[in-house]
Amino acid sequence: MLRRSRKKVTFIAKPAASNLQEPEHSGLLKFLSAAFYAISSFLIIVVNKTILTNYRFPSYMFLGIGQMTTTILILYVAKMNQTVHFQDFDRSILVKIFPLPLLYVGNHITGLASTKKLSLPMFTVLRKFTILMTMIMEARLLRKTFPNRLIYSVLAIVFGALVAASSDLAFDAEGYMFILLNDVFTAASGVYTKKKLATEGLGKYGILFYNAFIIVIPTLLASAFTGDLHKAITYEHWLKTPFVSCFLMSCIMGFVLMYSIVLCSHYNSALTTTVVGAIKNVAVAYIGMFLGGDYLFSWTNFLGLNICISGGLVYSYLTFHSSSKPSQSDESGIQGNQLMIPMMEDSTDRLPVK
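Residues numbered from 1 in each chain as written. Predicted model: local features only at pLDDT ≥ 70, side-chain atom pairs only at ≥ 80, totals over all residues. Heavy atoms only, no water.

Turning next to the overall build of the protein chain. Secondary structure assignment for the protein chain yields 13 helices and 3 strands. Looking at the 354 residues of the protein chain, the share that counts as buried comes to 47%. Long-range pairs, those at least 24 residues apart, make up 86% of the contacts in the protein chain between residues at least 6 apart in sequence. Accessible area of the protein chain: about 19200 Å², with a carbon and sulfur share of 65%. (Helix = DSSP H or I, 4+ residues; strand = E, 2+ residues; numbered from the N terminus. Buried < 20%, exposed > 50% of the residue type's maximum accessible area, 1.4 Å probe, protein only. Contact = heavy atoms within 4.5 Å. Areas by Shrake-Rupley, 256 points an atom, 1.4 Å probe, with all protein chains shown as cover.)

Quick look at the structure:
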């Protein structure tokens, strides 16, 4: 005797690997990591500006070396105490982390150089071009696509930067060159950091440690070769407590800033991290109008700054508002990234013949 039954079997058709989406983090984690990065970035710009401009410290490269050394020491001690975990050094590390160290040192040096050369408002205005560069690199390297609304908000930020920069009466060709190079390094560093976070054995702390570890000695040698190190060592205010306090604060904030960037990139996209930095920079520009002492006010510049902040706020609203909405299944059977295809299977149960 044969019994025929019909069983319902569900096959799950997963999307192609190229279309897989990253794990979705909660809106709260995204917002808190972004706020942490914004505050850290704001504080270190103010401290660095104080050291390089008010105290006239002659070596922005030596300041970068101090920040790298502090990062190495903090993470090494934390690893020895098993507070953090990342892979021990071997040859594979160089392959895993490349080209981040090169981008890291380029970002550090050009950022500090442009901070010294430009006023705070113009520094923050020209940094807006990092956003457009990041969007292009994410599309090219990470194969990401962006909704039109986000693209328009980014273009508004860049347009506002162009309007603000058009009124710059203190044009500094060298400062502009440094800031545009810094934009390229920052964009590339953000995109590659997002890409390397998924590399086995590295993680957030491994990226920070090995970035600083690999490049601190070459940077120190470059500083000595150019005479920059001698200028830093012979600086006249090393025995003055206010300057030393600011220098140590900058070194610690260098570590905090790099950690906040990696954390924000982990929970958000590289583009979101860049836009958050842009919004923070406009706040720095407003403060620089009153406290910096080197800002030349014009209505054109002020209008451009307001266009920038408007575009940045729209981008933030679209990003964090959409990420806080849970994904819902529709009636066609599509749930998230899984396509549910119901099918019927004929089965034959063979029973003993009585």
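What follows covers helix 9 (residues 203-225). Relative to the 33 Å expected for 23 residues at 1.5 Å per residue, helix 9 spans 34 Å between its end C-alpha atoms, a close match to the ideal helical length. Most pronounced at Val216, the bend in helix 9 amounts to some 35°, and the proline Pro218 follows within four residues. What helix 9 keeps buried is the set Gly206, Ile207, Leu208, Phe209, Tyr210, Asn211, Ala212, Ile215, Val216, Thr219 and Ser223. Residue Gly227 follows helix 9 closely and has a positive phi angle near 85°. (Expected span 1.5 Å × (residues − 1). Bend = angle between axes of the 7 residues up to and from the residue.)

Contact pair helix 2 (residues 60-80) / helix 11 (residues 241-267): the axes reach a minimum separation of 8 Å and the direction vectors enclose 60°. Considering their axes alone, helix 2 and helix 11 lie oblique with respect to each other. Crossing geometry of helix 2 relative to helix 11 is assigned as right-handed. Of the residues in helix 11, those touching helix 2 at Phe62, Leu63, Gly66, Gln67, Thr70, Thr71, Ile74 and Leu75 are Phe247, Ser250, Cys251, Ile252, Gly254 and Phe255. Looking at the contact of helix 2 with helix 11, its residues break down into 8 nonpolar, 6 polar and no charged. (Axes fitted to C-alpha atoms, helices over the stretch in contact; angles between N-to-C directions. Parallel < 35°, antiparallel > 145°, perpendicular 65-115°, else oblique. Left-handed = near helix turned anticlockwise from the far one by under 90°. Nonpolar A, V, L, I, M, F, W, Y, C, P; charged D, E, K, R; others polar.)

The subject of this paragraph is the pattern of salt bridges. What the rule picks out here adds up to 1 salt bridge. Between Asp88 and Lys79 there is a salt bridge whose closest N-O contact spans 3.2 Å. (Salt bridge = Lys/Arg side-chain N within 4 Å of Asp/Glu carboxyl O.)

Glycine aside, residues mostly have negative phi angles, and peptide bonds mostly take the trans form. A cis amide bond links Phe98 with the next residue in sequence, Pro99, at an omega value of 5°. As for its position among the elements, Pro99 is in the loop between helix 3 (91-97) and helix 4 (100-117). A positive phi angle, near 60°, is found at Gln82, a position not held by glycine. Along the polypeptide, Gln82 turns up in the loop between helix 2 and helix 3. Look at Gln82 and you get exposed, because its relative accessible area is 60%.

Within the UniProt annotation, "transmembrane region" (unreviewed entry) is assigned to residues 28-47, 59-77, 149-169, 175-193, 205-222, 242-263, 270-291 and 297-318. For the annotated span residues 59-77, helix accounts for 95% and strand for 0% of the residues, and the straight-line distance between the end C-alpha atoms is 28 Å. Helix makes up 100% of residues 242-263 and strand 0%, and the two end C-alpha atoms of the span are 31 Å apart. (UniProt positions renumbered as here; feature names shortened; annotations may be inferred.)

Let us now look at the packing of aromatic side chains. Any pair of aromatic rings gets described here by the distance separating the centres and the angle formed by the planes. Under the criterion given, the structure shown has 22 aromatic pairs. Relative to Phe243, the ring of Tyr235 has its centre 4.8 Å away and its plane inclined at 55°; by these criteria the two rings are tilted. Tyr235 gets classed as buried once you look at its relative accessible area, which sits at 10%. An aromatic cluster is defined as three or more aromatic residues linked by ring pairs; in this entry it consists of Tyr55, Phe57, Phe62, Tyr235, Trp238, Phe243 and Phe247. The ring centre of Phe86 lies 4.6 Å from the NZ or CZ of Lys79, which sits over that ring. (Phe/Tyr/Trp six-rings, centres within 6.5 Å; stacked < 30°, edge-to-face > 60°. Lys NZ or Arg CZ within 6 Å of the ring centre and 35° of its normal.)

Next up on the list: the confidence of the model for the protein chain. The predicted model of the protein chain averages 76 in pLDDT, with 74% of residues at 70 or higher. Under a pLDDT of 50 for its full length, residues 4-21 has, in the predicted model, 37 contacts with residues more than four places off or in other chains. Note on residues 326-354: pLDDT under 50 across the span, and 51 contacts to partners over four residues away in sequence or across chains. (pLDDT = per-residue confidence, 0-100.)

Below, the discussion takes up a nonpolar patch on the surface. A contiguous nonpolar patch, built from Phe89, Leu94, Val95 and Phe213 and spanning about 410 Å² of accessible area, is present on the exposed surface. Residue placement: Leu94 occurs in helix 3. Taking the relative accessible area as the measure of exposure, Leu94 reaches 44% and is therefore partly exposed. (Patch = residues over 30% accessible without salt bridge, like charges linked within 9 Å, V, L, I, M, F, W, Y side chains within 5 Å.)

Moving on, we get to helix 6 (residues 129-141). Spanning 13 residues, helix 6 covers 18 Å between terminal C-alpha atoms, matching the ideal 18 Å at 1.5 Å per step. Turning to helix 6, its buried residues number three or more, namely Phe129, Thr130, Ile131, Thr134, Met135 and Glu138. Just downstream of helix 6, Arg143 is the residue with a positive phi angle, here 55°.

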